[in-house]
Amino acid sequence: MVNVAILGFGVVGSGAAQVLADNAAVIEKNLGERVAVKRILDLREFEGSPFGHLVTHDFNDILSDPDISVVAEMMGGSHPAYDFTKACLAAGKHVVTSNKEVVARFGAELLELAAANGVRYLFEASVGGGIPVIRPMVNDLASNEIVRVDGILNGTTNYILTRMITAGATFAEALAEAQAKGYAEANPAADVEGLDAARKIVILAALSFGTLLSPDNIYCEGITGLTLADVAVAKALGCSVKLIGHTEKVQGRVLAMVSPRLVPLTNPLSGISDVFNGILVDANMVGEVMFYGAGAGKLPTASAVVADIIDIVAHKAQKNVRAPKFEVAKDTDYADFADYACKSCFAFEAVDGAAEKIAAVFGEVETVSADGRIAFIGDMMTEKEADEKIAACGLTLVSRIRVL
Ligand code: HSE
């Protein structure tokens, strides 16, 4: 029997306890061993819960218990989650987590600490909720060089965009629904301003290119500036609008970014709705591989946490199990964002002579009109070139949304 401790009995933590209890028989059948929750750390009491008697308020009850070999950290936030993780790894306990903030900020150090102590630090649930994406990237794509990753990485914003576009919900209504369903972060600004997706794309960039960028130092734009006029323009141009995390190498350095994108309806990411996430990985031997599933929510995310626990138990007798490895990025590892090139949809105020001015700077482009704006998709150009052309055309820019 393997004893597990849970740190944080919120949406995901209580989900993990439920998965381990409700699916105890199938887990035991698949593993040949029972996995049980022995202790739960939380500041609150859970009197009505079937797990209430396992709750402790003292982390040392877990750290000093030699029977607990695996700790599942689902507290959220950097501290004390990072400090507790370090203590557990140093004490020779395996740690699994759904905490993308800790992985994105301290993942390199924690992986090194785990390796030094002969234990594992796994974080499948930190990206894509219930979608298996990290293990496949680490193991199944190991014969490939990763070229590019594009992902819908935040369930809350995808849910909000879907509800606004297809059901006419207001931003506030759609956000309240996402919160009620347990998708949103404790502070939903992290969702709608793109920071949650930024944390996830830096994790995917680290797995792809071996370098952990700081989520604070990458280009990050959320969905708060998007309007229904942007959506109308996107529709007229045969695209949907999604919040996309993107990583690739630019001039040999790593670029990661988050921004709204027009996604052509021919791209499989365009049809991903509601809380679902999709991650499109372009690798040099296999080509494009897509991972799809529930990107947030109690049981889907808990399913991924428990998958990590099962992985640890299944390989506990094995030395040198494959582990992700990446280093903290140096300043020189960051690509210069000005050199990043993509297509964009430009929307300018539709004043007299606008079409001629656009043609003079951007060339012959097919324009659409909506809500007092004239919009078009320009050629591929760098960020620097895009800024120069916007300035040169002498029109008021209403919005610029990059195109996938
Ligand atoms: N708030 C996150 C989301 C939870 O909406 O995707 C899953 O990481």
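Residues numbered from 1 in each chain as written. Predicted model: local features only at pLDDT ≥ 70, side-chain atom pairs only at ≥ 80, totals over all residues. Heavy atoms only, no water.

Draft legend 1. Representation of the site of the ligand. As a matter of local geometry, the ligand sits amid Lys100, Asn154, Gly155, Thr156, Tyr183, Ala184, Glu185, Asp191, Asp196, Lys200, Gly295 and Ala296. The contact in question runs from an oxygen atom of the ligand to an N or O atom on the side chain of Asn154, over 3.5 Å. In this structure, a nitrogen atom belonging to the ligand sits 2.8 Å away from a side-chain N or O atom of Asp191. When isolated, the ligand has an accessible area of 260 Å², and the protein chains bury 93% of it. In a pocket analysis with a 2 Å cut-off to the grid points, the ligand is assigned to the largest pocket. Looking at the shell around the ligand, the elements that each hand over two or more residues are helix H7 (155-167) and helix H10 (195-209). For the shell around the ligand, the class distribution of residues is three nonpolar, four polar and five charged. (Near = heavy atom within 4 Å. Polar contact = N/O pair within 3.5 Å; in protein donor to acceptor, adjacent residues only side chain to side chain. Areas by Shrake-Rupley, 256 points an atom, 1.4 Å probe, with all protein chains shown as cover. 1 Å grid on protein atoms, 1.4 Å probe; cavity = no way out; pocket = protein on both sides within 12 Å on 5 of 7 lines; lining within 4 Å. Sits in = over half its atoms within 2 Å of the grid points. Helix = DSSP H or I, 4+ residues; strand = E, 2+ residues; numbered from the N terminus. Nonpolar A, V, L, I, M, F, W, Y, C, P; charged D, E, K, R; others polar.)

Draft legend 2. Here's a closer look at the side chain of Lys200. One can find Lys200 in helix H10. Accessibility expressed as a relative area gives 4% for Lys200, which makes it buried. Leave out the neighbours within four places in its chain, and Lys200 touches Lys100, Ser126, Val127, Leu153 and Asn154. (Buried < 20%, exposed > 50% of the residue type's maximum accessible area, 1.4 Å probe, protein only. Contact = heavy atoms within 4.5 Å.)

Draft legend 3. Molecular detail of the pairing of strand S2 (residues 35-41). The buried fraction of S2 is high, at five of seven residues. Pairing between S2 and strand S3 (residues 55-56): two bridges, direction parallel. Looking at the pairing, Leu41 lines up with Thr56 of S3. (Pairing = 2+ DSSP bridges.)

Read these as spatial facts, not as claims about activity.
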